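# Examination of the molecular architecture
Here is what each chain is made of, one letter per residue.
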Amino acid sequence: MDVFVQQLINGLTLGSIYGLIAIGYTMVFGIIGMVNFAHGDVFMVSSFIALICFLLVTTVLGITSIFLALAIVLVVAMFFTSLMNWAIERVAYRPLRGSFRLAPMISAIGMSIFLANFVQVAQGPRNKPVPPMITDVIVIMERDGYQVTLAWKQIIIMVLTTVLLAGFWYLVQKTSLGRAQRAVEQDRKMAALLGINVDHTISLTFVIGAALAAVAGTMYLMYYGVANFADGFVPGVKAFTAAVLGGIGSLPGAVLGGLLIGLIEVFWSAYFSIEYKDVAAFSILAITLIFLPQGLLGRPEVEKV
Amino acid sequence: MAVDTAHSAGAVAGSGSSILPGALKDAFLTGLIALGLLGPLVGFETVVIDGALGLAYRPLVVAIMVGIIFAGRLILNLTVWSPNRPPKAQAGPGPIARGVVAISPAFKPALFAFAIGFPLLAAAMTGGLSESRYLIDLGILILTYVMLGWGLNIVVGLAGLLDLGYVAFYAVGAYTYALLATSEPVNAFFASFLGETFWANWAFWFCLPAAGMFAGLWGMILGFPVLRLRGDYLAIVTLAFGEIIRLVLINWVDFTGGGAGIASIPRATFFGIPFTAGEDGFAALFGLEFNPMHRIVFLYFVILALALITAFTTVRLRRLPVGRAWEALREDEIACRSLGLNTTNVKLSAFATGAMFGGFAGCFFAVRAGFVSPESFTFDISAMILAIVVLGGMGSQIGVAVAAAVMMGGMEMLRNLGFLKQVFGDSFDPSLYRMLLFGFAMVAIMIWKPRGLVSSRDPTIYLKEKKAVSGSLVKEGHG
């Protein structure tokens, strides 16, 4: 029971991070119908930007309040990651709209390889360990010497995710930008005829996706305390799995899928075998796509000629 | 970036006589964006000093890179993208495509002759068989990737299925040979009635077809459930399968040897005659002086033959109904279905055929290296093969071969160029930049020449007369 509660907490934390990345996949897929393969690497780059910013803030500026430092890091990482994703869309995806079917996908794969190796060349291949930022924990249960703890950083991650999602939900449902997004998603040509700037809307989608990925990247850095150029690949695929599991194109689905994947991964590691935890996540992807391609909350796909 | 703004800004300014202010403004903006992109990651380097993480500063590198981007953009705005330039009308194949079509009848036999004569040429150039080892090894490496490229070309280029887990079949082939050749029971079985050394000498030749068959079988097993999915899902699922196979190879230690891999795999023999210095070795039987290079040269011809078989099979398959179905499927899946093609079977056949050739190549890899470990079968290899296929022009045989030679051979050559070290410092290693270039090239090719660098293709079926079709005039359907 204690182990179960502890793993539940860990799983929800990890799931929040996956959920934030998954939103980026699901939004882009919804609006232009492509799998943005580079999104996992955008997430990885954002954790590097956060790392560099954190070092600058703590060593050069000498800010000692960890919460102020984190807030600055978060904003800076969101800004630069959004700029990068905007540029990526502009350079690598926009010219390919209307090209043949595989073109945007191949371009995205190329972009993903480029980003990972760019970081490897620029920052070196070694793991970058960060000093632990927030170490306080709250003990919520104790039995026979086994403590169930809820770390402050886990609280921060979960609260931040919830707040961001609420804001994001408001943005998509209630603002004119959200309406434009949903309109472009339904019918791009019709939306353009009705005076929506389609390019602008798609760009903004990428920017929002990157901002959420940057939050996930900063949280990932804070939670695990390490950044590596290869860390975009596996979380990227898992977040994509989350998006597919929740129903691609559906925002609540992405979060639900993220939480499920986080929980499955953590429980699998705790009760079965930690070596095969990635195999479990990848298998879920394949099984979902084969038996439940529309996901848990998604609409069944209608094929148009 | 900001291509559209470049045109609109240029158009506004270009209505007058001077386009300089607009071009300057655009270049300045681009420079600013480049600064924002490069600043954090290139300007600061995270370095571990005494166990703690610190920062090193590289403002000069950022300044140079941003300066180059600013200047390049400005020059482009004033020349190539200038609104004063008359638009270029293009019809029919471009000059490169026409050139390729013109020389292609001579090009293929020439390339073929070069590949056959390469070991002799290498030995003559370096002044001896032993000295040519480096060149011939490089030739083997290139040919392995040519073969893998041709194998993947069946799946990606002909059938239009994006397979990101091709390395899985390469791994299946390699492990099939490694496990069968080192297996005690199999060895004991053959030793009991065919002699002690039989299996060690013949393992490769028995395992080669087995490896292809196993890989093809795996292709079917993996492909059957997922081939109903649409294109980009398929890509991710194949990627996941590639990773699953690698993770299983790492973690199933009892069966595969885990991360340590399998060592001392029997070497290839000349159809049962081992390349040893002994009495019954290759050299003694053929009256030659013993030289370890005989084995390497033989391996070169084995992979050449395997690659040629792949190419030949593909060319012949394209003329069969199944090959035409593949290409039709690539162009328009819905049309295929409405014409009564069983798309799952068509896809499955392409997937399994491609996987089979990957298995052959894997078996060859195992026999050449004598050692297999999961390290050799990472996603990077899949990405590299895919990049070769994309660069060569999906569906073009000769393009894939040229792309493999340029990308694999060119990178090897770069490593030996001295002046690069003088420019970038002694620690400069071009092989670090290989995947970076591959990734960049994939994006660039998709934007500028989606049909590959050699963007011309022969139509498979034609009425009366064969006409070359420019890549830019062909557009694939949205399946």
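Residues numbered from 1 in each chain as written. Chains lettered and ligands numbered in written order. Predicted model: local features only at pLDDT ≥ 70, side-chain atom pairs only at ≥ 80, totals over all residues.

Residue and element names in this part refer to chain B. Core analysis: the largest hydrophobic core is formed by 222 residues, its most contacted members being Y177, I388 and A404. Residue contributions to this core reach at least three from each of two domains, namely domain 1 (13-78) and domain 2 (105-416 + 449-477). Contacts of A404, omitting those with residues within four sequence positions, involve I142, Y145, V146, G149 and I388. (Core = buried A, V, L, I, M, F, W, Y, C linked by C-beta atoms within 7 Å. Buried ≥ 20, exposed ≤ 12 C-beta atoms within 10 Å, placed from the backbone. Domains from an automatic or database assignment. Contact = placed C-beta atoms within 7 Å.)

The subject of this paragraph is the pairing of strand β2 (residues 52-57) of chain B. Residues and elements named next belong to chain B. Counting buried positions over the six residues of β2 gives zero, only a small fraction of the element. As paired strands, strand β1 (residues 44-49) and β2 are joined by six bridges and run antiparallel to one another. Paired with I49 across the two strands is A52, which belongs to β2. (Helix = DSSP H or I, 4+ residues; strand = E, 2+ residues; numbered from the N terminus. Pairing = 2+ DSSP bridges.)

Taking 1.5 Å per residue as the helical rise, helix α8 (residues 198-226) of chain B with its 29 residues ought to reach 42 Å, and the 41 Å between its terminal C-alpha atoms agrees with that figure. Maximal helix bending in α8(B) amounts to about 40 degrees, located at B:F204. (Expected span 1.5 Å × (residues − 1). Bend = angle between axes of the 7 residues up to and from the residue.)

Turning next to the pairing of strand β2 (residues 137-143) of chain A. Residues and elements named next belong to chain A. Among the seven residues of β2, zero are classified as buried, and the element is accordingly described as predominantly exposed. In the sheet, β2 pairs with strand β3 (residues 146-151) via six bridges, with the strands oriented antiparallel. The residue bridging R143 from the neighbouring strand is Y146, located in β3. What sits between the antiparallel neighbours β2 and β3 is a turn of two residues, in which D144 has the positive phi angle 50 degrees.

With that out of the way, let us pick up the packing of helix α16 (residues 379-392) of chain B against helix α19 (residues 434-448) of chain B. How two helices pack is summed up by the angle between their axes together with the distance between the axes. Residue and element names in this part refer to chain B. The geometry of α16 relative to α19 is characterised by a closest axis approach of 10 Å and an angle of 40 degrees between their N-to-C directions. As the angle between them shows, α16 and α19 are arranged oblique. By crossing handedness, the relation of α16 to α19 is classed as left-handed. Residue-level contacts link D380, A383, M384, A387, V390 and L391 of α16 to M435, F438, A441, M442 and I445 of α19. The class makeup of the residues in the contact of α16 with α19 is 10 nonpolar, no polar and one charged. (Axes fitted to C-alpha atoms, helices over the stretch in contact; angles between N-to-C directions. Parallel < 35°, antiparallel > 145°, perpendicular 65-115°, else oblique. Left-handed = near helix turned anticlockwise from the far one by under 90°. Nonpolar A, V, L, I, M, F, W, Y, C, P; charged D, E, K, R; others polar.)

In this complex, chain B contributes 51 residues to the contact, which on the side of chain A involves 54 residues. Counting residues per element, the ones that place at least two in the side of chain B that touches chain A are α2 (20-43), β1, β2, α8, α9 (231-251), α16 and α19 of chain B. Broken down by element, the residue count for the side of chain B that touches chain A peaks at 13 residues, all from α9(B). A breakdown of the residues in the side of chain B that touches chain A according to their chemical character gives 38 nonpolar, eight polar and five charged.

What follows deals with the environment of B:A34. All names here are of chain B. Within the fold, A34 resides in helix α2. By the C-beta count within 10 Å, which is 20 here, A34 ends up buried. In contact with A34, not counting residues within four places along its chain, are V66 and I69.

On to the confidence of the model for chain B, then. Residue and element names in this part refer to chain B. Looking at chain B as a whole, its pLDDT mean stands at 78, while 82% of the residues score no less than 70. Of all the helices and strands in chain B, helix α1 (residues 3-14) carries the lowest mean pLDDT, 44, while helix α15 (residues 343-369) carries the highest, 90. A low-confidence stretch, residues 1-16 (pLDDT under 50), is modelled with 32 contacts involving residues beyond four sequence positions or located in other chains. Throughout residues 475-479 the model reports pLDDT below 50, and contacts reaching past four residues in sequence, or to other chains, amount to 14 contacts. (pLDDT = per-residue confidence, 0-100.)

For the rest of this paragraph, the subject is helix α5 (residues 133-158) of chain B. Residues and elements named next belong to chain B. Helix length check: α5, at 26 residues, gives a terminal C-alpha distance of 36 Å against a target of 38 Å (1.5 Å per residue), a fit within 8%. Approximately 40 degrees is the largest bend angle found in α5, and it occurs at L152. G160 occupies a position one or two residues after α5 and carries a positive phi of about 70 degrees.

Right, let's talk about the packing of helix α9 (residues 233-246) of chain A against helix α11 (residues 277-291) of chain A for a bit. All names here are of chain A. With their axes 9 Å apart at the nearest point, α9 and α11 run at an angle of 35 degrees to one another. The chirality of how α9 crosses α11 is left-handed. Only D278, A281, F282, I284, L285, T288 and L289 of α11 make contact with α9, whose side of the interface consists of V234, V237, K238, T241, V244 and L245. Across the contact of α9 with α11, the residue classes break down as nine nonpolar, two polar and two charged.

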